[in-house]
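Now for the letters of each chain:
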Amino acid sequence: MAAELHVELVAADRSVWSGEATLVVARTTSGDIGVMPGHQPLLGVLESGPVTIRTSEGSTVVAAVHGGFISFADNKLSMLAEIAELADEIDVQRAERALESAKSAEDGAAERRAEVRLRTVSVR
């Protein structure tokens, strides 16, 4: 069994993160999933939520992912997201304002996106 897997996190408009990892945790429509080297092949639908990547160097990369797909085969994990943002890219004050605005407008989808961004920042 290989000690690491190659990970590609891609948003509709850009490549967000690519590299070697020992573990990836993501939320799918079937629940949370952890993928390690040697995992069984899979294809799933990503739910909105934080994705945590443990890199081969021992650091942790966290991204807010809003929908998409996850695929794993031959120690290559691909995540294609509608929207994905690294935790370091998220402006907390802007996300808090977006959450308040979404609550005022009773916009459930925007509220969930803002909540995911804030949860992602708290994970890092």
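Residues numbered from 1 in each chain as written. Predicted model: local features only at pLDDT ≥ 70, side-chain atom pairs only at ≥ 80, totals over all residues. Heavy atoms only, no water.

### Observations regarding the overall build of the protein chain
How we decide: Each helix is a run of H or I in the DSSP string that is no shorter than four residues. Each strand is a run of E no shorter than two, and both are numbered from the N terminus. Atoms counted for the radius of gyration: C-alpha only. Globule rule: 2.2 Å times residue count to the power 0.38. Three labels apply to residues, based on accessible area from a 1.4 Å probe with only protein chains included: buried if under 20% of the type maximum, exposed if over 50%, partly exposed otherwise in between. The contact criterion used is simple: two residues touch if any of their non-hydrogen atoms lie within 4.5 Å. For the purpose of charge, His is not counted, nor are the chain termini; Lys and Arg are scored as positive and Asp and Glu as negative. Working definition for charges: the position is that of NZ of Lys, CZ of Arg, CG of Asp or CD of Glu.
Helix and strand content of the protein chain: 2 helices and 7 strands. For the protein chain, whose C-alpha radius of gyration is 15 Å, the value lies close to the compact-globule estimate of 14 Å for 124 residues. Taking the principal axes of the C-alpha coordinates as reference, the protein chain spans close to 50 × 25 × 25 Å. Burial status across the protein chain gives 40% buried among its 124 residues. Long-range pairs, those at least 24 residues apart, make up 53% of the contacts in the protein chain between residues at least 6 apart in sequence. Here the protein chain contributes 12 positive and 19 negative side-chain charges, whose respective centroids are spaced 3 Å apart.

### A few points about the nonpolar core
Definition in use: By nonpolar core we mean a set of buried residues, namely Ala, Val, Leu, Ile, Met, Phe, Trp, Tyr and Cys, connected to one another through side-chain atoms within 4.5 Å.
Membership of the largest hydrophobic core comes to 24 residues, with the highest contact counts inside it found for Val 7, Leu 9, Val 24, Ile 53, Leu 77 and Met 79. Breaking this core down by element, the ones donating at least two residues are strand E1 (5-11), strand E2 (14-28), strand E4 (42-46), strand E5 (49-55), strand E6 (60-73) and strand E7 (76-86). When near neighbours in sequence (up to four residues on either side) are disregarded, Val 7 contacts Trp 17, Ser 18, Gly 19, Ala 21, Val 24, Ile 53, Leu 77 and Met 79. Core analysis: the second largest hydrophobic core is formed by 5 residues, Ala 64, Ala 95, Val 116 and Val 121 among them.

### Re the pattern of salt bridges
We apply this condition: Here a salt bridge means any side-chain nitrogen of Lys or Arg lying within 4 Å of a carboxyl oxygen belonging to Asp or Glu.
In the structure shown here, the tally under the stated rule is 3 salt bridges. Of the charged contacts, one joins Arg 14 and Glu 89 as a salt bridge, the two residues approaching to 2.6 Å between their closest N and O atoms. A residue pair is termed long-range when its members are at least 10 positions apart, and Arg 14 in strand E2 and Glu 89 in the loop between E7 and helix H1 (92-105) qualify at 75 residues. Residue classification places Arg 14 among the partly exposed positions, given a relative accessible area of 30%. A residue is classified by how much of its surface remains accessible, and Glu 89, at 41% relative accessible area, is partly exposed.

### Description of H1
Note the following rule: What a helix is expected to span follows from its residue count: subtract one and scale by 1.5 Å. As used here, the arc belongs to the directions running from the helix axis to the C-beta atoms. In the analysis that follows, any N or O atom pair within 3.5 Å is treated as a polar contact, provided that within protein one partner can donate a hydrogen and the other can accept it, and provided that, for residues neighboring in sequence, both atoms belong to side chains.
With 14 residues, H1 extends 20 Å between its outermost C-alpha atoms, agreeing within 8% with the 20 Å of an ideal straight helix rising 1.5 Å per residue. Among the residues of H1, Ala 95, Leu 99 and Ala 102 are the ones counted as buried. Axial view of H1: buried residues confined to an arc of 70°, hence all on one face. The exposed set on the far side of H1, more than 90 degrees from its buried face, consists of Gln 93, Arg 94, Arg 97, Ser 104 and Ala 105. Check the buried side of H1 and you find it contacts helix H2 (108-123). Two or three places before Gln 93, at the start of H1, stands the capping residue Asp 91, its side-chain oxygen 3.1 Å from that residue's backbone nitrogen.

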